[in-house]
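Observations on the model geometry
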Amino acid sequence: MPTNPIVCIVDDDESVRESVSGLLRSFGIESQAYASAEAFLAGYDTTRPLCVLLDITMPGLSGPELQEQLLAEGRSVPIVFITARMEGGLRARLLARGATACLVKPFQGEELLRAVRTALGQDREEPA
């Protein structure tokens with residue numbers, strides 16, 4: 001049974017899924033991409049440690065709606081939200097509901113890596 005953590009990328013934009021997957025691969029992090037929240041729910045491996053990079057605005061189930069569904073089902077999944085724009089108090093609401101971070105596209109690779117490591121519990125500083 002696999003035990004290495006995986007990052008699930010849930011975004012309706014194929015170019016985002018591909019670029020983020022490539023970026024994570026360059027950092028040595030395995031990922032799996034999903035085109036929708038519904039595809040993620042139907043296909044993710046519940047036996048593996050994971051975090052979810054989750055777009056906020058998608059057709060069908062939105063990112064915040066997926067977060068609510070996972071919470072309602074008692075699934076504790078670390079989430080890093082990614083979005084083209086952050087409106088009003090949305091960031092604060094998502095973080096209050098347990099999101100690890102909220103990144104605005106386009107984000108820097110190091111910013112993404114920090115958020116993913118934090119979500120996976122790997123945010124310890126390397127010794128100098």
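Structure: see above.
Overview of the structure. In this convention, every chain numbers its residues from 1, walking through the sequence in written order. Reporting of local features is limited, given that this is a predicted model, to residues whose pLDDT is at least 70; pairs of side-chain atoms are given and counted only at 80 or more, and all residues count toward the totals for whole chains, interfaces and linings. With hydrogens and water set aside, each side-chain value is computed from the structure's full complement of heavy atoms.

Quick notes on a negative patch on the surface
A residue counts toward a patch only above 30% relative accessible area and without a salt bridge, and it is joined to like-charged neighbours within 9 Å or, for Val, Leu, Ile, Met, Phe, Trp and Tyr, to nonpolar neighbours within 5 Å. To be clear on the numbers: accessible area is Shrake-Rupley with a 1.4 Å probe, and residue cover counts the displayed protein chains and nothing else. Salt bridge, as applied in this entry: a Lys or Arg side-chain nitrogen positioned within 4 Å of an Asp or Glu carboxyl oxygen. For the purpose of charge, His is not counted, nor are the chain termini; Lys and Arg are scored as positive and Asp and Glu as negative. A charged residue contributes its charge at one atom only: NZ of Lys, CZ of Arg, CG of Asp or CD of Glu. Taken together, the side chains of Asp12, Asp13, Glu14 and Glu18 present a region of like negative charge at the surface. Each helix is a run of H or I in the DSSP string that is no shorter than four residues. Each strand is a run of E no shorter than two, and both are numbered from the N terminus. The residue glutamate 18 is located in helix H1 (residues 14-26) in this model.

Concerning the environment of isoleucine 82
Relative to the assigned elements, isoleucine 82 resides in strand S4 (residues 79-83). Buried residues are those whose accessible area, probed at 1.4 Å on protein chains only, stays under 20% of the maximum for their type, while exposed residues exceed 50% and partly exposed ones sit between those limits. For isoleucine 82, a relative accessible area of 0% translates into the label buried. Taking the C-alpha atoms as reference points, isoleucine 82 and lysine 105, 23 residues apart in sequence, are found 6.6 Å from one another. When neighbours within four sequence positions are excluded, isoleucine 82 is seen to be in contact with Asp11, Val16, Leu54, Asp55, Ile56, Leu103, Lys105 and Phe107. Contacts are assigned to residue pairs with any non-hydrogen atoms lying within 4.5 Å of each other.

Description of the sheet that holds strand S3 (residues 50-55)
Sheet strands pair by backbone hydrogen bonding; their relative direction is either parallel or antiparallel. Here we have five strands laid out as an open sheet, ordered S2-S1-S3-S4-S5, and parallel in their pairing. For this open sheet the edge positions go to strand S2 (31-34) and strand S5 (101-104), each flanked by a neighbour on one side alone. Pairwise comparison of adjacent strand axes, ignoring direction, gives a mean angle of 20 degrees for this sheet. In short, DSSP must find at least two bridges between two strands for them to pair. Relative to S2, strand S1 (residues 6-10) is paired through four bridges, and the arrangement is parallel. Helix axes are fitted only over the stretch in contact, all axes being lines through C-alpha atoms; the angle between N-to-C directions runs from 0 to 180 degrees.

Notes on the packing of aromatic side chains
Only Phe, Tyr and Trp rings are paired, with Trp represented by its six-membered ring, and only when their centres lie within 6.5 Å; those with planes under 30 degrees apart are stacked, over 60 edge-to-face, the remainder tilted. Within this structure, the stated rule accounts for two aromatic pairs. Residues tyrosine 34 and phenylalanine 40 carry aromatic rings whose centres are separated by 5.6 Å and whose planes lie at 85 degrees to one another, so their mutual orientation is edge-to-face. Like phenylalanine 40, tyrosine 34 is buried. Taken together, the ring pairs in this structure connect Tyr34, Phe40 and Tyr44 into an aromatic cluster.

So, the pairing of S5
Examined bridge by bridge, S4 and S5 share four bridges and lie parallel to one another. The residue bridging phenylalanine 81 from the neighbouring strand is cysteine 102, located in S5. Handedness of the crossover joining S4 and S5 through helix H4 (residues 90-96) is recorded here as right-handed. For a crossover, the right-handed case is the one in which the path from the first strand over the helix to the second runs clockwise, viewed with the strands pointing away from the viewer.

Some thoughts on the packing of H1 against helix H5 (residues 109-119)
The geometry of H1 relative to H5 is characterised by a closest axis approach of 11 Å and an angle of 75 degrees between their N-to-C directions. Taken together, the axes of H1 and H5 are roughly perpendicular relative to one another. Facing H1, whose interface residues are Val20, Leu23 and Leu24, H5 presents Gly109, Leu112 and Val116. Residues are grouped as follows: Ala, Val, Leu, Ile, Met, Phe, Trp, Tyr, Cys and Pro are nonpolar; Asp, Glu, Lys and Arg are charged; every other residue, Gly included, is polar. A per-class count over the contact of H1 with H5 returns five nonpolar, one polar and no charged. Should an angle fall under 35 degrees it is called roughly parallel, over 145 degrees roughly antiparallel, and 65 to 115 degrees roughly perpendicular, with every other angle called oblique.

Observations regarding the pattern of salt bridges
A side chain with one charge may pair with a side chain of the opposite charge, provided their charged atoms come close. Tallying each qualifying case throughout the model produces five salt bridges. For glutamate 30, the salt bridge is made with arginine 48, and the minimal N-O distance between the two is 2.8 Å. Of this pair, glutamate 30 sits in the loop between H1 and S2 while arginine 48 is found in the loop between helix H2 (37-43) and S3, placing the two residues 18 residues apart along the sequence. Residue arginine 48 is classed as buried on the basis of its relative accessible area of 13%.

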